[in-house]
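What follows is each chain in one-letter form.
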Amino acid sequence: MDIRFHAAMTRADVEMAEHALRSLRFHLHRQRNRIDHIEVKLGNADGRNPHHDSYCIVRVKLHGAPSATVVDMSANVLGAIERATDRVCRLTEAQWRL
């Protein structure tokens, strides 16, 4: 399973990327042979809404299926990673059943 990250490489970003990597590997372990690659983008929107400023964008490409993107925003990037990972897991299971 090829997992790629797009983020600025500060120490905090590296720790968040490692957390996202562990979470994705744990949740998608059963489907690892069905996945071409996963792209993850972590960041801070610094926008108008201070309560929802961290985001996790996960794009997953399955064998023989179009790619799908999951976006989650939260005040806490760890929470955004966990919710996005859970949604990606459910999405890959649903796409594979179709």
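Before reading on, note that the structure itself is shown above.
Residues numbered from 1 in each chain as written. Predicted model: local features only at pLDDT ≥ 70, side-chain atom pairs only at ≥ 80, totals over all residues. Heavy atoms only, no water.

A. Geometry of helix H2 (residues 77-97). Compared with the 30 Å implied by 1.5 Å per residue over 21 residues, the 30 Å span of H2 between its first and last C-alpha is a close match. For H2, the full list of buried residues reads Val77, Gly79, Ala80, Ile81, Ala84, Thr85, Val88, Cys89 and Thr92. For H2, the elements touching its buried residues are helix H1 (11-27), strand S2 (35-44), strand S3 (54-62) and strand S4 (68-74). The opening residue of H2, the one whose side-chain oxygen lies 2.9 Å from the backbone nitrogen of Leu78, is Asn76. (Helix = DSSP H or I, 4+ residues; strand = E, 2+ residues; numbered from the N terminus. Expected span 1.5 Å × (residues − 1). Buried < 20%, exposed > 50% of the residue type's maximum accessible area, 1.4 Å probe, protein only. Contact = heavy atoms within 4.5 Å. Polar contact = N/O pair within 3.5 Å; in protein donor to acceptor, adjacent residues only side chain to side chain.)

B. Summary view of the sheet that holds S3. Ordered in space as S1-S2-S3-S4, the four strands form an open sheet in which the pairing is mixed. Whereas interior strands pair on both sides, the edge strands pair on one side only; in this sheet they are strand S1 (2-6) and S4. Direction aside, the axes of adjacent strands within the sheet are offset by 15° on average. Sheet topology places S1 next to S2; five bridges connect them, and they run parallel. Opposite Ile3, over in S2, you have Ile38 as the bridge partner. Along the sheet face, H1 touches S1 and S2 and points at about 155° away from the line of S1. (Pairing = 2+ DSSP bridges. Axes fitted to C-alpha atoms, helices over the stretch in contact; angles between N-to-C directions.)

C. Local environment of the nonpolar core. With 22 residues, the main nonpolar core has Leu28, Ile38, Val40, Cys56, Val58, Val60 and Ile81 as its most contacted residues. Counting residues per element, the ones that place at least two in this core are H1, S2, S3, S4 and H2. Counting residues per element, this core draws most heavily on H2, which supplies six residues. Leaving out residues up to four positions away in the same chain, Ile38 has contacts with Met1, Asp2, Ile3, Arg4, Leu24, Leu28, Val58, Arg59 and Val60. (Core = buried A, V, L, I, M, F, W, Y, C linked by side-chain atoms within 4.5 Å.)

D. A look at the pattern of salt bridges. Taken as a whole and assessed by the stated rule, the structure comprises seven salt bridges. Arg4 serves as the salt-bridge partner of Asp2, at 2.9 Å between the closest nitrogen and oxygen. Relative accessible area serves as the criterion here: at 35%, Arg4 is assigned to the partly exposed category. Where Asp72 meets Arg87, a salt bridge forms, and the shortest distance between an N and an O atom there is 3.8 Å. Residue Asp72 is found in strand S4, and its partner Arg87 is found in helix H2; the two are separated by 15 residues along the sequence. For Asp72, a relative accessible area of 8% gives the class buried. (Salt bridge = Lys/Arg side-chain N within 4 Å of Asp/Glu carboxyl O.)

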